[in-house]
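Each chain, written out:
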Amino acid sequence: MDETATQGVFELSAAGQARLEGILARYPTRESALMPALWIIQDEKGHIPPAGIAWLAERLGVEPARVWEVVTFYTMYRSEPQAKWVLQVCHNISCHIMGAPDILRHLEERLGVPRGGRTPDGLFQLEGVECLGSCGSGPCLQIGKHMYENLTPEKVDALLDGLRGGQPPRADTDRELEA
Amino acid sequence: MPRDDCRILSARFGRRDGHKLAVYEADGGYRALRKALTSMTPVAVRDEVKAAGLRGRGGAGFPTGVKWGFVPAGASTVYFMVNADESEPGTFKDRWIMDYDPHAMIEGAILSSYAVGARLCFIYIRGEFGWLIDRVQKAVDEAYAAGYLGRGILGSAYELEMLVHKGAGAYICGEETGLINSVEGRKGQPSIKPPFPAVQGFLRQPTIVNNVETVAAVPYIVREGAATYRRHGTEKSPGTKLWSVSGPVRRPGVYELPLGLPFREFFTQDLGGMADGEELKAVIVGGSSVPVLTADEIMGVNLDYESLAEAGTMLGSGGMIVVPSRCDMVELIQVLMHFYWDESCGQCTPCREGTGWLHKIVKRLRTGAGAPSDVELLERVCDGMMGLTICPLADAAVMPMRSFLQKFRHEFVALAHRPEIAQPRSRWARQTNEVVR
């Protein structure tokens, strides 16, 4: 770990601070609030920077290494800045049977990057991920809270075009966000 | 399209605005809680669930009331956790409960917490279910506002706090001790049992962890009674089970079935058979971690714990993965071995190394770099993993691996002896060292 990076200034917004206070008041120990606290940082900053880890460790009264091990154990915590849109395509068995490899190949061709890659403009990041719990409606991909199901290459193209054109994600599961 | 004769868990699936408190109450929601808090002791609730014969629906199938009974009498601090970390490949039933009927889960969690004497309950939802976390949190907020949570619930002396805890992408947290460690703010690595969580779990206090589907059945049992619940299912497997069906059948989705229904009837009547142009090759009946059954085998089984055990597999989570004849079984097992390798927490050597070896060996068979001895090598690696680790993740990798080798051996042997028939690799394969292309 870079020593200077951990000493960088880290601050949460007032809203983030308030969220954290709320969590600390409700969790039975400070340490048990670690995961929700990391979510608060990531929701606000887009990732969990080293300075944030040092800051949180002090806040919770644990060693920074304890925070690091949690950040690196769980795949959804990101310690580096991410592309604007992270496309996570399920490559597990049910989606695989229903055509996930074709969807991934199509995305690789369209974006010009392999799985794990990021487009030079910083707009897209492509990831193959394990089961997303959309097995009966695969192939599927997820962008944050937005789950796209029953994918076809045409649907993927429409999605990419929309995002490139500045439209916010709008997926099959979004009816639930509105309800 | 659940069967009409046994809609206990799925009765409200598809109900318009069914996730909202007012609609849930109009449908009789929270009546069971009122009944329990006004006329039943915690022990009476536990005894009712025990009498109903409800078994854990997360995969292990352990009797729920019995598990609750392991909490030491007189324990001062007890925790209850709902396991909504649904991550078993092929399983998406809990997602449907949280989507359509979050209050059924919440009411069940309150009743279960009451039964075991918990005053703090966590609902641990996998981080990937972002939109469901919002939905459940909204429902929890509604329940607080209506006085179903907090202090003095419905005028009784009982109080309960409920926290929705967001996971962060780790299959292993579905294992109950991994889940508890995760809520403690640690890596989700499982702990050795004993001590069992019911005796020493979260913060070293008695802790009960139950699956969403298990918990969601509790309001019905409390409201209607154990005898009514037992009208469905079989003597040893009472009640109903949600099955989530994926693969190219005509009507994939979540189905509620009485335990003991013949697969053949379910397959032809409910699922409508295979989709056009597809032919049945195999079924992984209880989530990706259970032994596969061939088309011939599955057609003769009934869908309950005992019949499936007799057929050499397990009911597991009820995540039914239907495999069509166009699929190459070596390719599918590579997908699964990649998964277990990826998700192994790294604690136990047989699992950490074994899952990686299984994936590597299958992968080299598929890429034409295998040797005839690889088929036996796969079996030897399995022997060095099964039953030798803290938690069942290694077993979960071995069970599909062994059964694929046993039942579709010719596909492995063909690749081992004739590497030239292996799949050509795609343009990116060399660059990324990724899973199946």
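Scroll up a little and you will see the structure.
Attention here is on the structure that accompanies the text. Owing to the predicted nature of the structure, the values given are computational and were not obtained by experimental measurement.

### A look at the overall build of chain A
Part 1 of the reasoning: Along its length, chain A carries nine helices and four strands.
Part 2 of the reasoning: In terms of overall dimensions, chain A has C-alpha extents of about 50 × 35 × 30 Å along its principal axes.
Part 3 of the reasoning: The buried share of chain A, reckoned over its 179 residues, is 55%.
Part 4 of the reasoning: Sequence-distant contacts in chain A: of pairs separated by 6 or more residues, those separated by 24 or more amount to 62%.
Part 5 of the reasoning: Carbon and sulfur atoms form 52% of the exposed surface of chain A, whose accessible area is close to 7,600 Å².
Part 6 of the reasoning: Chain A carries 17 positive and 25 negative side-chain charges, and their two centres are separated by 4 Å.

### Some details on the state of the cysteines
Residues and elements named next belong to chain A.
Part 1 of the reasoning: A full pass over the atoms with the stated rule returns zero disulfides over all chains.
Part 2 of the reasoning: Here Cys95 is not disulfide-linked; the sulfur of Cys90 is the nearest cysteine sulfur, at 3.7 Å.
Part 3 of the reasoning: Taking relative accessible area as the criterion, Cys95 reaches 2% and is therefore assigned buried.

### Quick look at the interface of chain A and chain B
Part 1 of the reasoning: Every contact between the two is made by 50 residues of chain A and, on the other side, 77 residues of chain B.
Part 2 of the reasoning: Roughly 5,000 Å² of surface becomes buried between chain A and chain B when both sides are summed, with 58% attributable to carbon and sulfur atoms.
Part 3 of the reasoning: When the buried area of chain A at its contact with chain B is split by residue, Phe73(A), Ile93(A) and Ile97(A) rank highest and sum to 13% of it.
Part 4 of the reasoning: Inspection of the chain A/chain B interface yields five salt bridges.
Part 5 of the reasoning: Note that Glu69(A) is salt-bridged to Lys187(B), the shortest N-O span being 3.7 Å.
Part 6 of the reasoning: Here chain A is connected to chain B by 23 residue pairs in polar contact (both at pLDDT 80 or more).
Part 7 of the reasoning: When contributions to the side of chain A that touches chain B are tallied by element, the ones reaching two or more residues are helix 3 (34–45), helix 5 (64–73), helix 6 (93–97), helix 7 (100–111) and helix 9 (175–178) of chain A.
Part 8 of the reasoning: Residue composition of the side of chain A that touches chain B, by class: 23 nonpolar, 14 polar and 13 charged.

### Comments concerning the pattern of salt bridges
Part 1 of the reasoning: Considering all chains together, one arrives at 41 salt bridges over all chains under this definition.
Part 2 of the reasoning: Among the ionic pairs, Arg186(B) bridges to Glu31(A), the shortest N-O distance being 3.5 Å. Taken as a pair, Arg186(B) in the loop between helix 8 (176–183) and strand 4 (207–211) and Glu31(A) in the loop between helix 2 (14–26) and helix 3 lie in two separate chains rather than in one.
Part 3 of the reasoning: For Arg186(B), a relative accessible area of 34% puts it in the partly exposed group.
Part 4 of the reasoning: We classify Glu31(A) as partly exposed; its relative accessible area is 25%.
Part 5 of the reasoning: Of the charged contacts in the structure, one is a salt bridge between Arg352(B) and Glu353(B), with a shortest N-O distance of 3.0 Å.
Part 6 of the reasoning: Judged by relative accessible area, Arg352(B) falls into the partly exposed class, the value being 33%.
Part 7 of the reasoning: Through salt bridges with shared partners, one network takes in Glu31(A), Arg66(A), Glu69(A), Glu184(B), Arg186(B) and Lys187(B).

### A word on helix 2 of chain A
All names here are of chain A.
Part 1 of the reasoning: With 13 residues, helix 2 should reach 18 Å at 1.5 Å per residue; the first-to-last C-alpha distance of 19 Å fits that figure.
Part 2 of the reasoning: All buried positions along helix 2 are accounted for by Gly16, Leu20 and Leu24. The arc that holds every buried residue of helix 2, seen down its axis, measures 75°, which confines them to one face. Opposite the buried face of helix 2, at more than 90 degrees from it, the exposed residues are Ala14, Ala15 and Ala25.
Part 3 of the reasoning: Of the surrounding elements, those touching the buried residues of helix 2 are helix 3 and helix 4 (50–60).

### Regarding the packing of aromatic side chains
Part 1 of the reasoning: This model, assessed by the stated rule, comprises 22 aromatic pairs over all chains.
Part 2 of the reasoning: Ring centres of Trp96(B) and Tyr100(B) lie 5.8 Å apart, and the angle between their planes is 75°; on these two criteria the pair is classed as edge-to-face. Of this pair, Trp96(B) and Tyr100(B) both sit in helix 5 (residues 93–100), four residues apart, which is roughly one turn of that helix.
Part 3 of the reasoning: Accessibility expressed as a relative area gives 24% for Trp96(B), which makes it partly exposed.
Part 4 of the reasoning: Taken together, a centroid distance of 4.7 Å and an interplanar angle of 65° make the contact between Tyr171(B) and Phe339(B) edge-to-face. Taken together, the residues Tyr171(B) in the loop between strand 3 (161–166) and helix 8 and Phe339(B) in helix 14 (residues 329–343) connect sequence positions 168 residues apart. By the burial criterion, Tyr171(B) is buried, and Phe339(B) matches it.
Part 5 of the reasoning: Following the ring pairs from residue to residue traces out a cluster consisting of Tyr27(A), Tyr79(B), Phe122(B) and Phe202(B).
Part 6 of the reasoning: Across from the ring centre of Tyr305(B), 3.9 Å away, lies the NZ or CZ of Arg55(B), which sits over that ring.
Part 7 of the reasoning: The ring centre of Phe129(B) lies 5.4 Å from the NZ or CZ of Arg126(B), which sits over that ring.

### What to know about the nonpolar core
Part 1 of the reasoning: Grouped together as the largest cluster of nonpolar side chains are 113 residues, with contacts concentrated most on Tyr74(A), Tyr77(A), Met401(B) and Phe412(B).
Part 2 of the reasoning: The dominant element in this core, judged by the number of residues it contributes, is helix 14 of chain B, at nine residues.

### Considering the sheet that holds strand 6 (residues 253–258) of chain B
All names here are of chain B.
Part 1 of the reasoning: Read across the open sheet, the five strands follow the order 6-5-11-8-9; overall the sheet is mixed. The open sheet has two edge strands with one neighbour each: strand 6 and strand 9 (293–294).
Part 2 of the reasoning: The sheet contacts of helix 5 involve strand 5 (240–246) and strand 6, and relative to strand 5 the element is tilted by about 110°.

### Description of helix 5 of chain A
Part 1 of the reasoning: Looking at helix 5 of chain A, one finds that the buried residues are Arg66(A), Val67(A), Val70(A), Val71(A) and Phe73(A).
Part 2 of the reasoning: Looking at the buried residues of helix 5 of chain A, the elements they touch are helix 3 and helix 4 of chain A.

### Some points on the pairing of strand 11 (residues 319–324) of chain B
Working note: regular strand, side chains alternate between the two faces of the sheet.
Residue and element names in this part refer to chain B.
Part 1 of the reasoning: Burial runs high along strand 11: six of the six residues are buried.
Part 2 of the reasoning: Residues Gly319, Ile321 and Val323 line one face of strand 11 and the alternating positions Met320, Val322 and Pro324 line the opposite face, and both faces are buried.
Part 3 of the reasoning: Where strand 5 lies against strand 11, three bridges are found, and the strand directions are parallel. Directly across from Ser246, in strand 11, lies its bridge partner Ile321.
Part 4 of the reasoning: Pairing between strand 8 (residues 280–284) and strand 11: four bridges, direction antiparallel. If you follow Ala282 over to strand 11, its bridge partner there is Val323.

### So, the environment of Ala414(B)
Part 1 of the reasoning: Within the element layout of this structure, Ala414(B) appears in helix 18 (residues 409–417).
Part 2 of the reasoning: With 49 residues separating them along the chain, Ala414(B) and Leu365(B) place their C-alpha atoms 9.5 Å apart.

### Points about the packing of helix 16 (residues 374–383) of chain B against helix 17 (residues 393–407) of chain B
All names here are of chain B.
Part 1 of the reasoning: Helix 17 packs onto helix 16 with a crossing angle of 150° between their chain directions and a minimal axis gap of 10 Å. Overall, the two elements helix 16 and helix 17 adopt an arrangement that is roughly antiparallel. As for the relative orientation of helix 16 and helix 17, their crossing is left-handed in sense. Along its contact with helix 16, which presents Val375, Leu378, Glu379, Cys382 and Asp383, the element helix 17 presents Val398, Met401, Arg402 and Leu405.

Scoring rules and cut-offs
- Residues numbered from 1 in each chain as written.
- Chains lettered and ligands numbered in written order.
- Predicted model: local features only at pLDDT ≥ 70, side-chain atom pairs only at ≥ 80, totals over all residues.
- Heavy atoms only, no water.
- Helix = DSSP H or I, 4+ residues; strand = E, 2+ residues; numbered from the N terminus.
- Buried < 20%, exposed > 50% of the residue type's maximum accessible area, 1.4 Å probe, protein only.
- Contact = heavy atoms within 4.5 Å.
- Areas by Shrake-Rupley, 256 points an atom, 1.4 Å probe, with all protein chains shown as cover.
- Lys, Arg positive; Asp, Glu negative; His and termini not counted.
- Charge placed at Lys NZ, Arg CZ, Asp CG, Glu CD.
- Disulfide = S-S within 2.5 Å.
- Buried area = accessible area lost by both parts, 1.4 Å probe.
- Salt bridge = Lys/Arg side-chain N within 4 Å of Asp/Glu carboxyl O.
- Polar contact = N/O pair within 3.5 Å; in protein donor to acceptor, adjacent residues only side chain to side chain.
- Nonpolar A, V, L, I, M, F, W, Y, C, P; charged D, E, K, R; others polar.
- Expected span 1.5 Å × (residues − 1).
- Arc of directions from axis to C-beta.
- Phe/Tyr/Trp six-rings, centres within 6.5 Å; stacked < 30°, edge-to-face > 60°.
- Lys NZ or Arg CZ within 6 Å of the ring centre and 35° of its normal.
- Core = buried A, V, L, I, M, F, W, Y, C linked by side-chain atoms within 4.5 Å.
- Pairing = 2+ DSSP bridges.
- Axes fitted to C-alpha atoms, helices over the stretch in contact; angles between N-to-C directions.
- Parallel < 35°, antiparallel > 145°, perpendicular 65-115°, else oblique.
- Left-handed = near helix turned anticlockwise from the far one by under 90°.

Shape is all these values report; function is a separate question.
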